[in-house]
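Summary of structural features
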Amino acid sequence: MSDETTLPLYLRGRFAPVPEEHSAADLTVRGSLPPDLDGRYLRNGPNPLPGEDKGHWFTGSGMLHGIRLGRGRAEWYRNRWVRTRELEGHPFVRRDFSIDLTATPANTHVIRHAGTVLALCEVGLPYWVTPSLETVGPYDFAGRLKTAMTAHPKEDPVTGELHLFGTGFAPPCLTYHRVTAEGLLLDSRPIDVPGPTMMHDFAITEHHIVWMDLPVVFDPALAGRGGMPYRWDETYGARLGLMSRTPGSTDVRWYEIDPCYVFHVGNAYEDAQGRIVLDVVRYDNAGFRNAWSDIGGTTGPGGPAGVPEPGHPQAHAVLHRWTLDTATGRVTESPLDDRDAEFPTHNETLTGRPNRYLYTVSGDGIVKHDLTRHTSHVYETPGARHAGEAVFVPAADGTGEDEGWLLSLISDDDGEAGELLVLDAADLSVQAEVELPYPVPSGFHGSWLPGPGPAA
Ligand SMILES: [Fe+2]
C-alpha cells in the first residue's frame, strides 16, 4: 500500500479519487429539502483511474456525480466516469495537442443547453451525457464545432443563446462561437491574439464579449512531459478585449492591464454610464505560482513541478473588479475583498446584467459578497471539511436576486465522507444536508438541471 503522504496533493485527502462507480437510492436528509428543488445537481471533476497519476490535477479522467432531488426527498446519488475515448481504451498522446478533438478528459464542467447535457473540458470537444450520467459520445454540434470548447460557455438569460470559445495551440489560437437557444451553432469567428495561452474563462454583457488574454502561455518545451504545458510569462503582456456581440463582428478593442491570471469570472455587465464592469478571481504572480505548483504545474522555465518558491505565501487569489471605460480607454482595477477566493458564482438569470451578489469558496467556507453594500458574510464548513463551488438555484416563487438556494458538495479532509449542502442564499443558513453514501472528492464545476427529466 502506498504511503499516502508521498502522493501529490491532488491524489490524496479530499482530492483522493474514488475507485468505483455507485448508485444509491433514498438518501438520508438532515433538515428539510425545499419541495421546489425538483431536479438534478450534477458536478464534474478529475478522477484518475486507480493507481493512475497523469502529473496534474487538471488531467485526470472526468467523473460526474449526480444527486436527484424532488418532493422534498433526495431520491438518488450516482457517480459515473465520462466514457471518453481514452477511458474506453483508445489512449491519446497529449503531445499531439488535440489535433484529435476527442482527446479530452471531459473533467471540468457539466451543463445543459437546448436539452443536451454536456461534460466539458477546454482541450477538446464536449462529451454528450444523459441526465442519468451515461455517456453518449463526443459532441460537435452537428459537425459545426471545429475547435475545442471552453468549459465555461455563457448562456444569455434573455436570448437563451450559448456563447463559447475554443483555444488552439496554433493559429487560430482563439475562436468565438455562438449557439442559438435551439442548440444550432451558427457563428464561428477567429479572434486575433498574439499566441496560445491557457484561456479558461471569458465574459458576456448585453452587447459585448469580454476576452482575458493573460500571460500563462503554452510552452512547447514543456510538451510531452505529462502534466500541463503552460507557464507564466510576463513578456506576453496582459489585456482585456471588448468585442461586439453583433454577428460577424471580429474587431476587438484591447485594454492593457497589470499582469495577472484569472481562471474564473464572477459576472460582467454594462453599468449606467456604459462602462464594462468585470468581476473575477485574480491571481498575482506569486499566488498563481503557488496554486499552480500545488496541483502539479511547472512554476517557470526550468522550475520543477510541485516545488513552490521559498518564502511565497500560500496560494492567494482575491475577488477583483475591472471597470473598462469605453470613452477614455482606461481600465480601473480594485480588489473587492481580501479573502482567498475561488469558484465565483451568481444568480445566472443575471448573467451579463448588473448583479448585486456573488458567492465564492474561501478556505473552509462559502462567502456571500454584497457588491452594493461592500459587505460579505461566511458560512463556515464545520470540521475538517471543504465546500465545493456553490451553485445558485432560484426559488420557484422568488423574485429577489438572492431568493433561492446554494448547492455545494462537501468533501472531508480524509476522503471518507461527502454530503450535498443546501444553504438558504439569503442568509447562508443551513436548509438541508444530504448524506452521500460514498465520498466525493473535491472537484470543479456543476449545474442544477431543473425538472424531472427522463426516468432515473
Ligand atoms: Fe473552471
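Residues numbered from 1 in each chain as written. Predicted model: local features only at pLDDT ≥ 70, side-chain atom pairs only at ≥ 80, totals over all residues. Heavy atoms only, no water.

In the annotation of an unreviewed UniProt entry, the entry for the protein chain reads Dioxygenase, and the organism field reads Streptomyces gibsoniae. Under the UniProt heading Sequence similarities (unreviewed entry), the note attached to the protein chain is "Belongs to the carotenoid oxygenase family." (UniProt positions renumbered as here; feature names shortened; annotations may be inferred.)

Quick look at the overall build of the protein chain
Along its length, the protein chain carries one helix and 33 strands. Each principal axis of the C-alpha distribution contributes one length, and for the protein chain these read about 55 × 50 × 50 Å. Each of the 456 residues in the protein chain was classed as buried or not, and the buried ones make up 58%. Sequence-distant contacts, at least 24 apart, represent 58% of the contacts inside the protein chain between residues at least 6 apart. Carbon and sulfur atoms form 51% of the exposed surface of the protein chain, whose accessible area is close to 18,000 Å². (Helix = DSSP H or I, 4+ residues; strand = E, 2+ residues; numbered from the N terminus. Buried < 20%, exposed > 50% of the residue type's maximum accessible area, 1.4 Å probe, protein only. Contact = heavy atoms within 4.5 Å. Areas by Shrake-Rupley, 256 points an atom, 1.4 Å probe, with all protein chains shown as cover.)

Overview of the sheet that holds strand β4 (residues 62–70)
Pairing within the open sheet is antiparallel, and its five strands lie in the order β1-β5-β4-β3-β33. Every interior strand has two partners, whereas the edge strands, β1 (23–25) and β33 (446–450), have only one. The sheet shows a mean angle of 10° between the axes of neighbouring strands, direction not considered. Pairing of β4 with strand β5 (residues 73–81) involves eight bridges; the strand directions are antiparallel. (Pairing = 2+ DSSP bridges. Axes fitted to C-alpha atoms, helices over the stretch in contact; angles between N-to-C directions.)

Let's talk about the coordination of the iron ion
Where a metal carries four tetrahedral donors, each ideal angle is 109.5 degrees; where it carries six octahedral donors, the ideal angles are 90 or 180 degrees. Taken together, His152 (NE2), His200 (NE2), His264 (NE2) and His445 (NE2) make up the full set of protein donors to the iron ion, lying 2.1 to 2.2 Å away. Every donor counted, the four donor atoms about the iron ion form angles of 90 to 168° at the centre, which fits irregular coordination. Here the donor residues of the iron ion are spaced in sequence according to H-x47-H-x63-H-x180-H. Here His152 is found in the loop between β9 (135–138) and β10 (154–155), whereas its partner His264 is found in strand β20 (residues 261–270), with 112 residues between them in sequence. Judged by its relative accessible area of 8%, His152 falls in the buried class. A relative accessible area of 8% places His264 in the buried class. (Donors = N, O, S within 2.8 Å, 3.2 Å for Na, K, Ca; no water. Tetrahedral: all angles 85-135°; square planar, octahedral: opposite > 155°, others 65-115°.)

Re the environment of Leu240
With respect to the helices and strands, the residue Leu240 is situated in strand β18 (residues 239–244). We classify Leu240 as buried; its relative accessible area is 0%. C-alpha separation for the pair Leu240 and Phe202, spaced 38 residues apart in sequence, amounts to 9.7 Å.

Considerations on the nonpolar core
Membership of the largest hydrophobic core comes to 45 residues, with the highest contact counts inside it found for Met198, Met212, Tyr261, Leu278, Phe288, Trp292 and Trp322. Apart from residues no more than four positions distant in its own chain, Met212 is found in contact with Met199, Asp201, Phe202, Arg239, Leu240, Val262, Val265, Leu278, Val280 and Trp322. Formed by 22 residues, the second largest nonpolar core is a distinct cluster that contains Leu33, Ile67, Val391 and Trp448. (Core = buried A, V, L, I, M, F, W, Y, C linked by side-chain atoms within 4.5 Å.)

Description of the sheet that holds strand β12 (residues 174–179)
Read across the open sheet, the four strands follow the order β10-β11-β12-β13; overall the sheet is antiparallel. Sheet topology places β10 and β13 (185–190) at the edges, where each strand pairs with a single neighbour. Bridging between β10 and strand β11 (residues 162–167) involves two bridges; their strand directions are antiparallel. Looking across to β11, one finds that Lys154 is bridged to His163.

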